[in-house]
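# Working through the structure, step by step
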Amino acid sequence: MAISPGRYSLGPESGTLSVKTTRTGAAAKAGHDLVIEVTAWEATLEVGDGTSIALAADSRSLRVREGTGGMQKLGDDDKANIEQTIDDEILKGQPIEFRSTEVTTTEAGAHVRGALTLAGMTSPVAFDVAVGPEGSLLASAVITQSDWGIEPYSTLFGTLRVGDEVEVVLDAELS
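To keep things clear, this report deals only with the structure shown in the data block. The shown structure was predicted, so the numbers you read here are calculated from the model rather than taken from an experiment.

Counting its secondary structure elements, the protein contains 1 helix and 14 strands. In terms of overall dimensions, the protein is globule-like: its C-alpha atoms have a radius of gyration of 17 Å, near the 16 Å expected for 175 residues. Along the first, second and third principal axes, the C-alpha set of the protein runs to 55 × 30 × 25 Å. Out of the 175 residues in the protein, the part that is buried amounts to 40%. Nonlocal contacts in the protein, meaning residues at least 24 apart in sequence, comprise 60% of its contacts between residues at least 6 apart. On the protein, roughly 9,600 Å² of surface is accessible, and the fraction owed to carbon and sulfur atoms is 50%.

Shown next as structure tokens:
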């Protein structure tokens, strides 16, 4: 990893943490692919002997930023309803936490393995972190909701569903 040894703190002031969803099912054309931003989160990156990464996020801070596709534009009421459904039915206000168990340096940055706690369940996850010029970080992990006991949201009698796999993306700058 091409980052100077030390302890780095990250949060909404230094980057974005977002969740990207897709839609499936017979009525998928009626739904939207979403970009949802996590607005309350903090991460710590410790570089040196025993490099580690930790992240904590408030599951009630997810805000729908974009909806693409669909039969009609996603309005503010629609976004608010989606956010409420995430709070009440999907994540239920439970904390989101990640703790690395292994960080391996690669040419582009690092490969990270660790434990993700989501919806009250902890399971392993692995992802790559790309380190760019001047301390930019880009990490992406595909999370299969059902691995954490989350049943992907569905409506219209199950003919419109959120895909089981969602992509979590961290795009930040070290300060």
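Looking now at the sheet that holds strand β4 (residues 33-38). Strand order in this open sheet of 11 strands is β1-β5-β6-β8-β9-β10-β11-β14-β2-β4-β7, and the pairing throughout is antiparallel. Looking at strand neighbours, the two that pair on one side only are β1 (6-10) and β7 (62-68), the edges of this open sheet. Between one strand axis and the next, the sheet turns through 20° on average, direction left out of account. Sheet analysis places strand β9 (residues 109-118) next to strand β10 (residues 121-131), joined by 10 bridges and oriented antiparallel. Looking across to β10, one finds that T117 is bridged to T122. Sheet strands in contact with helix α1 (residues 76-90) are β4 and β7, and its direction is about 130° off that of β7.

Bringing the sheet that holds strand β12 (residues 154-155) into the picture now. Across a sheet, paired strands are connected by hydrogen bonds in the backbone, their directions being either parallel or antiparallel. Strand order in the open sheet made by the 3 strands is β3-β13-β12, with antiparallel pairing throughout. Only two strands of the sheet have a single neighbouring strand rather than two, namely β3 (23-24) and β12. In terms of strand pairing, β3 meets strand β13 (residues 160-162) through 2 bridges, oriented antiparallel. Across the sheet, the residue bridging to R23 is V162, located in β13.

What follows concerns α1. Helix length check: α1 (15 residues) gives 20 Å between terminal C-alpha atoms against 21 Å at 1.5 Å per residue, within 8%. K79, E83, T85, I86, D87 and I90 are the residues of α1 that are buried. Tucked into the core, α1 has its buried residues touching β4 and β7. Just downstream of α1 lies K92, where phi reads positive at about 55°.

Take unusual backbone geometry next. Phi is positive for K92, which is not a glycine, with a value near 55°. With respect to the element layout, K92 can be found in the loop between α1 and β8 (96-105). Since its relative accessible area comes to 52%, K92 is described here as exposed. Within the chain, L156 stands out as a residue other than glycine whose phi angle is a positive 55°.

The next point concerns the environment of L138. Its location among the elements puts L138 in strand β11 (residues 136-144). Residue L138 is classed as partly exposed on the basis of its relative accessible area, which comes to 44%. Measuring from C-alpha to C-alpha, the distance between L138 and G15 comes to 9.7 Å, with 123 residues separating the pair along the chain. Among residues more than four places away in sequence, those in contact with L138 are D128, V129, A130, V169, L170 and D171.

Our next topic: the pattern of salt bridges. Two side chains of opposite charge can pair, provided their charged atoms sit close to one another. What the rule picks out here adds up to 4 salt bridges. With its nearest N and O atoms 3.1 Å apart, the salt bridge here joins R23 to D33. Residue R23 is located in strand β3, and its partner D33 is located in strand β4; the two are separated by 10 residues in the primary sequence. Its salt-bridge partner being D87, residue R60 comes within 3.9 Å of it at the nearest N-O pair.

Rules and cut-offs
- Residues numbered from 1 in each chain as written.
- Predicted model: local features only at pLDDT ≥ 70, side-chain atom pairs only at ≥ 80, totals over all residues.
- Heavy atoms only, no water.
- Helix = DSSP H or I, 4+ residues; strand = E, 2+ residues; numbered from the N terminus.
- Rg over C-alpha atoms; globule rule 2.2 N^0.38 Å.
- Buried < 20%, exposed > 50% of the residue type's maximum accessible area, 1.4 Å probe, protein only.
- Contact = heavy atoms within 4.5 Å.
- Areas by Shrake-Rupley, 256 points an atom, 1.4 Å probe, with all protein chains shown as cover.
- Pairing = 2+ DSSP bridges.
- Axes fitted to C-alpha atoms, helices over the stretch in contact; angles between N-to-C directions.
- Expected span 1.5 Å × (residues − 1).
- Salt bridge = Lys/Arg side-chain N within 4 Å of Asp/Glu carboxyl O.

Nothing here speaks to function; it is all geometry.
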